[in-house]
Structures are given as C-alpha cells and as structure tokens.
Number of protein chains: 2
Amino acid sequence: MADHIEPLERLADMFRRLDGVGKKSAMRYAFCVLNFTENEAREFAEAIMAVKTELVLCKHCQNISDTEVCSVCSSINRNKSVICVVEDPRAVIAIENTGHFGGTYHVLHGAISPMKGVSPDDLKIHELLTRLNTEEVTEVILATNPTIEGEATAMYLSRLISPLGIKVSRIANGVPIGGDLEYADEVTLRRAIEGRYEL
Amino acid sequence: MADHIEPLERLADMFRRLDGVGKKSAMRYAFCVLNFTENEAREFAEAIMAVKTELVLCKHCQNISDTEVCSVCSSINRNKSVICVVEDPRAVIAIENTGHFGGTYHVLHGAISPMKGVSPDDLKIHELLTRLNTEEVTEVILATNPTIEGEATAMYLSRLISPLGIKVSRIANGVPIGGDLEYADEVTLRRAIEGRYEL
C-alpha cells in the first residue's frame, strides 16, 4: 500500500503524539516536512533536541529557562515581593502576554489531584515555602486554574501560607471579556455576580 | 520576558512552518515536546531527518518511496495497464485508502499553473509519456484535482495522450456522499446533474 511509506508513517506517528493532532493533520505535517529543504529539516530536528537538552528549571521560580536563573527572576525591574503561583509555564506566558504583572512567578508543575495521584509532594510547593522563608515576600497571588484541582491547590496553599503573615490572594472569576452572558455557565455567572464591584 | 525562552521559541517557529499551524498551536506543540522523554525527542528528530534522507521518487510512477521502485509498482497484484495520474502523493494515499483501485499511479508533483509559473516541463509529464511508450497501457485515468489548475492539466494531458490510441478518462464530479444539496455549490451541482446516471 502506498500509504505505508515507512519514514513518512513514522514521522506522522510522532506528530500524533502532540496534543490535539489527529491522523489527517499528522500526515499533512509529515508531508510539509517532506517539502522542507534539508537545512530546514535539520534545523527542526535540532530545535526538538534543544528543547530537551538546553532547558532547565529556574532555581528560584521553577519555570523552564535556558539559564540557571530565568529572565524574570534575574530582572532588576521586577517586584520580588509579589509571587504569582501558577500550575505550569504556559500560564506564565499567558500572564506575561498581558504585560500587566510586574512581580515574579512560582511554577508548581501541576495541581493537587487525588484522582490522578498527584499529591502536594509532587509539586514545587517545598521550593515555594523555601522562597517565602528566605525572600522578602509580601503577597502571594494564587493563579492556579479555575478547575477543581486548581481550586483545591489554591485552598491548600492558602492554608499553608496565611499563617506566615503573608497576604494571599486568588485571581478573580467572572464572565470573560467579549463573552456573552447567554453562553456563560451557571457557576461562572454566579461567581461574576458574587464578585461584582461598585462603579 | 518569560515567553522568550529561546529554544522553545525556536521550536515553536519551526512548528509554525507546518501548514495550518498558528502561533498558539505551535507553542502548544513545543510544550508537548518539552514533556517528551529524551528518547521520544530523539526519535522525533530522527524521523524528521529520515523523511528527507531516506525517501526517493519511485523511478516508474514518481511517487515518494523508500525503495527505488515503490510498493505499488513492484506489486504483482496491480494491473499495470491502468495508470491513474494524480497531482501529488497525498492523492495516492487518498485513493489507496478507498481500497477500490487496482491499477498503478503516476504522480505529476503539481499542476499546470501560469499564475504560479508552473509549466508542463516542471511536472513529471515526460516520465509519464515514456511509460506510455514503453509499457502496455490501455487506460489513463486523469485524477488531478477538480480545480482550475487540475482541470487545465487534465485537458492538456488528454490532448497529449489521446492521439496515442490510449483510452483517457477523468474522475467524476458531483455531490459528495453525505453532503447536502442545499450546501453544494452551483458548479458542483450542475456537474452532478450533467453526470446523472440511469437507475
């Protein structure tokens, strides 16, 4: 069968391991690579290896970084007294893209989930507490995801951190900007009403 | 900025070169690779290089192949007297997936397009004519895409091949199975009516 061209199949299989890539897309991507120049293909292959070999976790905030201390932690323009706690590095990128947060981060690399067998010990919570004990921190913003696991993790951290006399806050829930009330789910809408602010 | 982690950015840039991959998907894929084991990443990198280094064009049908003569051309179960002419290897895979074609293929690697500067000399037409002159071919099925370029290419080939006394046919146009007449475009619907068959 012509669709069993082994190297092409093998590459398509690799593409299928990426989140949200189905059979057809994987094959389309494999054909794209086929049309790459040999240099482009080499660049691609090297970029894949580089992600595995050149990246480490920042020793302060545990975010992925290509330096021992990440650019946020080493910046003199960031407010080191505010730490925004997130589940994963993607959340850091999302918040950085807003351009409206001047503090630092702490990446947990997951959320507490008894269902998935993730306990607090599996997360970078110990590293967070070390920072809170050694750095001058005035506020911890809990920006874990608004899911059951994220909420549970936020609750857990809040109980750990509050006794240290550090202000603990949680990002707001509500109707997303540009969204339509009609399509907002009940819980979100309830939170939006509860969290209403005076004009 | 945390979103400028160089190796991750570089990999996302490579993913963006794939058809239909936008900025967000590219970054998502790069993060997936980050979560690969080192072995998986190496396998991925090698698969990319293999596609560029291990694949050649079958010397008969010009389809991509990992052997000098592809599996279709070398099979004793295929009817060598019928050649299905297609624009690219993806069409071969699509037709093979139907499981209803027992002939061989000829891949043009494109279609005639004055707009894109593709002339007949840029396609594997010379190789097709060589096959028609040296092999015992009774029918050529023109299965180029139902686009302006594909139709023009089919017309061009038909004029070249008909004088050789070989039957030339074109794949049918019509309403796709499972489609809804309401949503079919006018040209398709006109072709479907013109191509009606008696029951």
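## Some remarks on the overall build of chain A
In terms of helices and strands, chain A carries eight helices and six strands. Starting at the N terminus and walking to the C terminus, you meet the elements of chain A as α-α-α-β-β-α-β-α-β-α-β-α-β-α. In terms of overall size, chain A is more extended than a compact globule, its C-alpha atoms giving a radius of gyration of 21 Å where 199 residues would be expected to give roughly 16 Å. Along the three orthogonal principal directions, the C-alpha set of chain A runs to about 65 × 45 × 35 Å. The burial tally for chain A puts 41% of its 199 residues in the buried class. On chain A, roughly 11,200 Å² of surface is accessible, and the fraction owed to carbon and sulfur atoms is 53%. Side-chain charges of chain A comprise 21 positive and 29 negative groups, with the mean position of each set lying 2 Å from the other.

## A closer look at the packing of aromatic side chains
The geometry of an aromatic ring pair comes down to the distance between the two centres and the angle between the two planes. Evaluation of the coordinates by the stated rule reveals twelve aromatic pairs over all chains. Note on A:Phe15 and B:Phe44: the rings are 5.2 Å apart at their centroids and 90 degrees apart in plane angle, and the pair reads as edge-to-face. Here the residue A:Phe15 occupies a position in helix α1 (residues 6–16), and B:Phe44 occupies one in helix α3 (residues 38–53), the pair thus bridging two chains. Its relative accessible area of 0% is what places B:Phe44 among the buried residues. Taken together, A:Phe15, A:Tyr29, A:Phe36, A:Phe44, B:Phe15, B:Tyr29, B:Phe36 and B:Phe44 form an aromatic cluster joined through their ring pairs.

## Let's talk about the relation of the copies chain B and chain A
When chain B is brought onto chain A, the operation consists of a screw motion whose angular component is 180 degrees and whose axial shift is 0.0 Å, with 0.0 Å RMSD remaining. Classification of the inter-copy transformation places it as that of a two-fold axis. Closest approach to the rotation axis within chain B is made by the C-alpha atom of B:Ala45, at a distance of 2.1 Å. A high fraction, 98%, of the interface residues of chain B reappear at the interface in chain A, so the copies pair face to face through one surface.

## What about the domain arrangement of chain A?
Segmenting chain A into domains produces domain 1 (2–53) and domain 2 (79–194). Using only C-alpha atoms to locate each centre, domain 1 of chain A and domain 2 of chain A end up separated by 35 Å.

## A closer look at the side chain of B:Arg131
You can see B:Arg131 is positioned in helix α6 (residues 125–134). With residues up to four places along the chain from it excluded, the contact list for B:Arg131 reads B:His60, B:Cys61, B:Ile83, B:Thr104, B:Tyr105, B:His106 and B:Val137.

## Some details on the sheet that holds strand β5 (residues 139–142) of chain B
All names here are of chain B. On the basis of which strands lie adjacent, the open sheet formed by four strands has the order β4-β3-β5-β6 and parallel pairing. Each edge of the sheet is formed by a strand with only one pairing partner; in this case those strands are β4 (103–107) and β6 (167–170). Pairs of neighbouring strands in the sheet enclose a mean axial angle of 25 degrees, with direction left out of account. Both strand β3 (residues 79–86) and β5 contribute to a ladder of four bridges, which runs parallel. Residue pairing in the sheet places Ile 83 in a bridge with Val 140 of β5.

## Some words on the sheet that holds strand β6 (residues 167–170) of chain A
All names here are of chain A. Pairing within the open sheet is parallel, and its four strands lie in the order β4-β3-β5-β6. Each edge of the open sheet is held by one strand with a lone partner, namely β4 (103–107) and β6. Adjacent strand axes in the sheet meet at a mean angle of 25 degrees, parallel and antiparallel pairs treated alike. Relative to β4, helix α6 (residues 125–134) is tilted by about 150 degrees, and along the sheet it contacts β3 (79–86), β4 and β5 (139–142).

## Here's the deal with the pattern of salt bridges
Within the structure shown, the criterion is met by 22 salt bridges over all chains. Residue A:Glu139 pairs with A:Lys167 through a salt bridge whose shortest N-O separation is 3.9 Å. With A:Glu139 in strand β5 and A:Lys167 in strand β6, this pair connects stretches of sequence that are 28 residues apart. According to the relative accessible area criterion, A:Lys167 is exposed, its value standing at 51%. Of the charged contacts, one joins B:Arg191 and B:Glu151 as a salt bridge, the two residues approaching to 3.9 Å between their closest N and O atoms. Placement of B:Arg191 in helix α8 (residues 186–194) and of B:Glu151 in helix α7 (residues 148–161) is noted, with a sequence separation of 40 residues between them. Residue B:Arg191 is classed as partly exposed on the basis of its relative accessible area, which comes to 29%. One network of salt bridges, in which partners are shared, links A:Glu6, A:Arg10 and B:Glu54.

Rules used throughout
Counting of residues starts from 1 at the beginning of each chain's written sequence and follows it residue by residue. Whichever chain is written first is A, and whichever ligand is written first is 1; the rest continue in order. Side-chain atom pairs in this predicted model are given and counted only at pLDDT of 80 or more, local residue features only at pLDDT of at least 70, and totals for whole chains, interfaces and linings cover all residues. The side-chain quantities take in all heavy atoms of the structure and omit both hydrogens and water. The helix and strand labels rest on DSSP assignments: H or I over at least four residues marks a helix, E over at least two residues marks a strand, and numbering proceeds from the N terminus. Computation of the radius of gyration draws on C-alpha atoms alone. For the globule rule, the value is 2.2 Å times the number of residues to the power 0.38. Note on classification: 1.4 Å probe, protein chains only; a residue is buried when its accessible area is under 20% of the maximum for its type, exposed when over 50%, partly exposed between these limits. For every accessible area listed, the method is Shrake-Rupley and the probe measures 1.4 Å; residues are considered covered only by the protein chains on display. Only four residue types enter the charge count: Lys and Arg as positive, Asp and Glu as negative, with His and the chain ends excluded. In this description, the location of a charge corresponds to atom NZ of lysine, CZ of arginine, CG of aspartate or CD of glutamate. The pairing test for Phe, Tyr and Trp rings, Trp by its six-membered ring, is centres within 6.5 Å, and the orientation test on the planes gives stacked under 30 degrees, edge-to-face over 60, and tilted for anything in between. Copy-to-copy alignment: least squares on C-alpha atoms, limited to residues at pLDDT 70 or above in both. The contact criterion used is simple: two residues touch if any of their non-hydrogen atoms lie within 4.5 Å. Residue ranges labeled as domains rest on an automatic or database domain assignment. Think of it this way: DSSP has to see at least two bridges between two strands before they count as a pair. For helices, the fitted line uses only the C-alpha atoms of the stretch in contact; every axis is such a line through C-alpha atoms, and the angle between N-to-C directions lies from 0 to 180 degrees. Salt bridge criterion: a side-chain nitrogen from Lys or Arg within 4 Å of a carboxyl oxygen from Asp or Glu.

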